[in-house]
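Observations on the model geometry
Chain by chain, the residues run as shown.
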Amino acid sequence: MHRIDLAVEGAAYPIFVGHDILGELGSRCSEQGLGRQVALVSDEAVAARYLEPATASLRAAGFQVLEVVYAGGEGMKNLAGAEGILAKMIEAEFDRSAWITALGGGVVGDMAGFVAATYLRGIPYVQVPTTIVAQVDSSIGGKTGVNHALGKNLIGAFHQPRLVLVDTDALRSLPGREAVAGMAEVVKHALIRDEELFSFLEDRLEEVVAMQLDAETLDWLIARNVEIKAAVVSADEREGGLRAILNYGHTIGHAIEAATDYGRYKHGEAVILGLIGAGEIARREGTWTEEERRRQDALLERLGVPGGLAEVGAEQILARTKTDKKRVNGRSRFILGKRVGEVEIVEGIEDEVVLSGIEYVQQRY
Ligand SMILES: NC(=O)c1ccc[n+]([C@@H]2O[C@H](COP(=O)([O-])OP(=O)(O)OC[C@H]3O[C@@H](n4cnc5c(N)ncnc54)[C@H](O)[C@@H]3O)[C@@H](O)[C@H]2O)c1
Ligand SMILES: [Zn+2]
């Protein structure tokens, strides 16, 4: 088992990564000195597989478990969904010593984390992430929140978990499209920080996506990604500077999601498109070579570049990049590749260059 310790101002917590470790949930939570009452929040698909062992482990350690299972899905990640969970906790007369376990993907983690941040002005929570996105990204770093009808993740709070327990066995039941979308963030991590990880993916990407890696190698892969995310977050908890590099591929990716009303692409799929667009911008700006860009795109093509972007207006996507808070004086700030394993933040990218990046993706795929 791997243990990664994350320290940010006012909080420090362990992240355990291993296989067949869900049964340790209860004892790990005991070690953290958490109170007796816990709300175990999950969605239906995850609960069908993992709720029972999670509950059993918590009960065996002496915790009193309130199971809260809801339909799941991005459409439920809103204030009404959060209110539903809050109502169950109020009805059960949970007090300040109570806490929450989020068992599921990023949707469950973000919403349960948000409930933990707000119930009685804040109670502890534990993350048990079950998707690649959640294991390598959303469960780490303390960003919690829900969507509003007018935009994604607009309502939220920074609230760090007390413990993250990552059982990589859960990934074995992940649907293929979810695995591909999650791997987009893994490829992103390799591109921003770790050429060795990138080379590993060049060797074994198909095995990873098909979840055919042996348990130790999968543990290593997830743990390495946790380390990358944790290192960036601890250096810059609130996204003042360094944390922005985690947004590589996300300016165009988010714009594509918004321009297609979040219905056409999964977040990770939009990130794949955004990485390719940013790669073209980097080539035009001369921050990296044609060869580096080719290497990036070749791996993304093996992962699977979703088609159909040509049906979405390039100008419309460009317009959506402009709602990005990082614009200064009408020009955009982009994370651009320097070489595989390193990126830089570049200010003042002209709209025309951004447009050419979008059009490049549209014409090629
Ligand atoms: N807080 C952050 O820093 C952060 C970072 C990245 C993403 N996010 C958020 O994460 C969300 C996306 O997360 P996601 O991709 O995990 O989506 P998700 O939670 O909706 O999970 C995807 C689907 O997989 C199912 N599922 C989950 N685990 C499974 C398993 N082990 N086996 C079988 N099925 C399983 C779920 O029921 C769901 O249908 C978005 O709302 C996004 O905004 C947050
Ligand atoms: Zn992302």
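Up top is the structure these notes are about.
In this text the structure is predicted, and so the values were computed from the model without any measurement.

Quick look at the overall build of the chain now. Each helix and strand in the chain was counted, giving 13 helices and 11 strands. Relative to its length of 365 residues, the chain is compact, with a C-alpha radius of gyration of 20 Å against a globular reference of 21 Å. A principal-axis box enclosing the C-alpha atoms of the chain has dimensions of 60 × 40 × 35 Å. Looking at the chain as a whole, 57% of its 365 residues qualify as buried. Contacts spanning at least 24 positions in sequence make up 75% of the contacts within the chain whose residues lie at least 6 apart. Looking at the chain as shown, the accessible area adds up to about 14600 Å², and 47% of this sits on carbon and sulfur atoms. Once the 39 positive and 54 negative side-chain charges of the chain are each reduced to a mean point, those two points are 4 Å apart.

With that out of the way, let us pick up helix α11 (residues 290–303). Given 3.6 residues to a turn, an α-helix orients residues that are three or four positions apart in the same direction. Look at α11: 20 Å from first C-alpha to last across 14 residues, which is about the 20 Å you get at 1.5 Å a residue. Of the positions making up α11, those classed as buried are R293, R295, Q296, D297, L299, L300 and L303. Next to the buried residues of α11 lie α6 (176–193), α7 (195–209), α10 (267–285) and α13 (351–364). Within two residues after α11, G304 carries a phi angle of roughly 120°, on the positive side.

Another point: the coordination of the zinc ion (ligand 2). A four-donor tetrahedral metal ideally has 109.5 degree angles, and a six-donor octahedral metal ideally has angles of 90 or 180 degrees. The protein atoms that coordinate the zinc ion (ligand 2) are E185 (OE), H250 (NE2) and H267 (NE2), at distances spanning 2.0 to 2.1 Å. Sequence spacing among the residues donating to the zinc ion (ligand 2) works out to E-x64-H-x16-H. One end of the pair, E185, is in helix α6; the other, H267, is in helix α10, and 82 residues separate them in sequence. Take E185: its relative accessible area is 1%, and that puts it in the buried class. For H267, a relative accessible area of 24% corresponds to the partly exposed category.

At their nearest, the axes of α6 and α7 sit 8 Å apart, and the two run at 165° to each other. In terms of axis orientation, α6 runs roughly antiparallel to α7. Seen along the crossing, α6 lies across α7 with a hand that is left-handed. Every residue of α7 that contacts α6 at A179, V180, M183, V186, V187, A190, L191 and R193 is listed here: E195, L197, F198, L201, L205, V208 and V209.

Right, let's get into the pairing of strand β8 (residues 151–158). Sheet topology places strand β7 (residues 143–148) next to β8; 5 bridges connect them, and they run antiparallel. Across the sheet, the residue bridging to K143 is F158, located in β8. The antiparallel hairpin formed by β7 and β8 contains 2 residues in its connecting segment.

Turning our eyes to something else, we now look at the packing of aromatic side chains. Counting across every chain of the model gives 2 aromatic pairs. A ring pair is formed by F63 and W99, whose centres lie 5.2 Å apart and whose planes are at 80°; its orientation type is edge-to-face. Taken together, the positions of F63 in the loop between α2 (44–60) and β4 (64–70) and W99 in strand β5 (residues 99–104) put the pair 36 residues apart, joining distant regions of the chain. For the pair F63 and W99, a shared accessibility class is recorded, and that class is buried.

Around ligand 1 sit 25 residues in total, of which E74, G106, T130, T131 and S173 are the nearest. In this structure, an oxygen atom belonging to ligand 1 sits 2.8 Å away from a side-chain N or O atom of K77. Taking T131, its side chain carries an N or O atom lying 2.6 Å from an oxygen atom of ligand 1. Here ligand 1 has 870 Å² of accessible area as a free molecule, and 86% of this is covered by the chains. Elements with a contribution of two residues or more to the shell around ligand 1: α2, α4 (106–118), α5 (132–138) and β8. Counting residues per element, the shell around ligand 1 draws most heavily on α2, at 4 residues. Classifying every residue of the shell around ligand 1 gives 8 nonpolar, 7 polar and 10 charged.

Definitions and limits used
Residues numbered from 1 in each chain as written. Chains lettered and ligands numbered in written order. Predicted model: local features only at pLDDT ≥ 70, side-chain atom pairs only at ≥ 80, totals over all residues. Heavy atoms only, no water. Helix = DSSP H or I, 4+ residues; strand = E, 2+ residues; numbered from the N terminus. Rg over C-alpha atoms; globule rule 2.2 N^0.38 Å. Buried < 20%, exposed > 50% of the residue type's maximum accessible area, 1.4 Å probe, protein only. Contact = heavy atoms within 4.5 Å. Areas by Shrake-Rupley, 256 points an atom, 1.4 Å probe, with all protein chains shown as cover. Lys, Arg positive; Asp, Glu negative; His and termini not counted. Charge placed at Lys NZ, Arg CZ, Asp CG, Glu CD. Expected span 1.5 Å × (residues − 1). Donors = N, O, S within 2.8 Å, 3.2 Å for Na, K, Ca; no water. Axes fitted to C-alpha atoms, helices over the stretch in contact; angles between N-to-C directions. Parallel < 35°, antiparallel > 145°, perpendicular 65-115°, else oblique. Left-handed = near helix turned anticlockwise from the far one by under 90°. Pairing = 2+ DSSP bridges. Phe/Tyr/Trp six-rings, centres within 6.5 Å; stacked < 30°, edge-to-face > 60°. Near = heavy atom within 4 Å. Polar contact = N/O pair within 3.5 Å; in protein donor to acceptor, adjacent residues only side chain to side chain. Nonpolar A, V, L, I, M, F, W, Y, C, P; charged D, E, K, R; others polar.

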